[in-house]
Amino acid sequence: NAGVTQTPKFQVLKTGQSMTLQCAQDMNHNSMYWYRQDPGMGLRLIYYSASEGTTDKGEVPNGYNVSRLNKREFSLRLESAAPSQTSVYFCASSIGLAGAPDTQYFGPGTRLTVL
Amino acid sequence: KNQVEQSPQSLIILEGKNCTLQCNYTVSPFSNLRWYKQDTGRGPVSLTIMTFSENTKSNGRYTATLDADTKQSSLHITASQLSDSASYICVVSARYSSASKIIFGSGTRLSIRP
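Residues numbered from 1 in each chain as written. Chains lettered and ligands numbered in written order. Predicted model: local features only at pLDDT ≥ 70, side-chain atom pairs only at ≥ 80, totals over all residues. Heavy atoms only, no water.

### Considerations on the sheet that holds strand β7 (residues 62-67) of chain B
Residue and element names in this part refer to chain B.
Phase 1 of the analysis: Reading across the sheet, the five strands line up as β1-β3-β8-β7-β6 and stay open at both edges, with antiparallel pairing between neighbours. Each edge of the sheet is formed by a strand with only one pairing partner; in this case those strands are β1 (4-7) and β6 (56-59). Here the average twist between neighbouring strands, direction ignored, is 15°.
Phase 2 of the analysis: Two elements, β1 and strand β3 (residues 19-25), share four bridges in a ladder whose sense is antiparallel. Note that in β3 the partner of E5 across the bridge is N24. (Pairing = 2+ DSSP bridges. Helix = DSSP H or I, 4+ residues; strand = E, 2+ residues; numbered from the N terminus. Axes fitted to C-alpha atoms, helices over the stretch in contact; angles between N-to-C directions.)

### A closer look at the nonpolar core
Phase 1 of the analysis: If you look at the biggest cluster of nonpolar residues, it comprises 26 residues, and the most contacted ones within it are V4, Y25, L33, W35, L75, Y88 and V92 of chain B.
Phase 2 of the analysis: Secondary structure elements with two or more residues in this core: β3, β4 (30-38), β5 (45-51), β7, β8 (72-77), β9 (86-94) and β11 (108-113) of chain B.
Phase 3 of the analysis: Ignoring any residue separated from it by four or fewer positions in sequence, one finds V4 of chain B in contact with C23, N24, Y25, V27, C90, V92, I103, F104 and G105 of chain B.
Phase 4 of the analysis: Judged by nonpolar contacts, the second largest core, of 20 residues, contains M19, L21, C23 and M32 of chain A. (Core = buried A, V, L, I, M, F, W, Y, C linked by side-chain atoms within 4.5 Å. Buried < 20%, exposed > 50% of the residue type's maximum accessible area, 1.4 Å probe, protein only. Contact = heavy atoms within 4.5 Å.)

### A short note on the interface of chain A and chain B
Phase 1 of the analysis: In this assembly, 17 residues from chain A lie in contact with 19 residues from chain B.
Phase 2 of the analysis: Across the chain A/chain B interface, buried area totals approximately 1,400 Å², and carbon plus sulfur atoms make up 63% of it.
Phase 3 of the analysis: Here chain A is connected to chain B by zero salt bridges.
Phase 4 of the analysis: Scanning the region where chain A abuts chain B turns up two residue pairs in polar contact (both at pLDDT 80 or more).
Phase 5 of the analysis: Where the side of chain A that touches chain B is concerned, the elements lending two or more residues are β4 (31-37) and β5 (44-49) of chain A. (Buried area = accessible area lost by both parts, 1.4 Å probe. Salt bridge = Lys/Arg side-chain N within 4 Å of Asp/Glu carboxyl O. Polar contact = N/O pair within 3.5 Å; in protein donor to acceptor, adjacent residues only side chain to side chain.)

### Quick look at the state of the cysteines
Phase 1 of the analysis: Under the criterion given, the structure shown has two disulfides over all chains.
Phase 2 of the analysis: Two residues share a disulfide in this structure: C23 of chain A and C91 of chain A, whose sulfurs sit 1.8 Å from each other. Its S-S torsion of approximately -70° makes the covalent link between C23 of chain A and C91 of chain A left-handed. Of this pair, C23 of chain A sits in strand β3 (residues 19-25) while C91 of chain A sits in strand β9 (residues 87-94), and the two are 68 residues apart along the sequence.
Phase 3 of the analysis: For C23 of chain A, a relative accessible area of 4% translates into the label buried.
Phase 4 of the analysis: For C91 of chain A, a relative accessible area of 0% puts it in the buried group.
Phase 5 of the analysis: Covalent S-S linkage joins C23 of chain B and C90 of chain B, the inter-sulfur distance amounting to 2.0 Å. Across the S-S bond of C23 of chain B and C90 of chain B the torsion is about -65°, and the bridge reads as left-handed. Taken as a pair, C23 of chain B in strand β3 and C90 of chain B in strand β9 lie far apart in primary sequence, 67 residues in all.
Phase 6 of the analysis: Classification of C23 of chain B as buried rests on a relative accessible area of 0%. (Disulfide = S-S within 2.5 Å.)

What follows is the structure, given as structure tokens:
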């Protein structure tokens, strides 16, 4: 049981390049999330998917797109990377049952640097 | 505005000592509060979760308290160990929340010295 896995672990991009961050979970969770974490700030939600087939914007969606490929996989795409997107990106998943406290399980993170 | 404030920002204590971390929030309507531990270079891991009706929850040497009236929570660590060195994050969710109503604090960085 790997939990939540993310690839790659590290990435360096030049301004304007594109890339996709991959996330997969093997816990049969309904909900999946993408966060970014910047120094001195709390995690901020970029996009989330409450269930397979749905995606919604979070707090900081500009410059990103997502795809919920199936129940297991949720990818995050940067179409034209900017230095402001330098950050650590975390994927998370949760059971996603309405009305119940919902603990999120996080992946190990992707450290992205945009030059 | 929904906010979660944590104090102190950082803390250094000697191994074996106890410590208490604080969390104040203005998230409304309140659903639940969680404490996460985040080791350097890793994703956060859940320690405790408390709903409105719970005022204390323990997980080994970690004890979280919640005062929903004053909108305050604390995380008490007993007999600290070197492995407790990490960031501790307070997370508050709004009732019937969609994911966009989950608010993270910026964390308290705890260092345990031998």
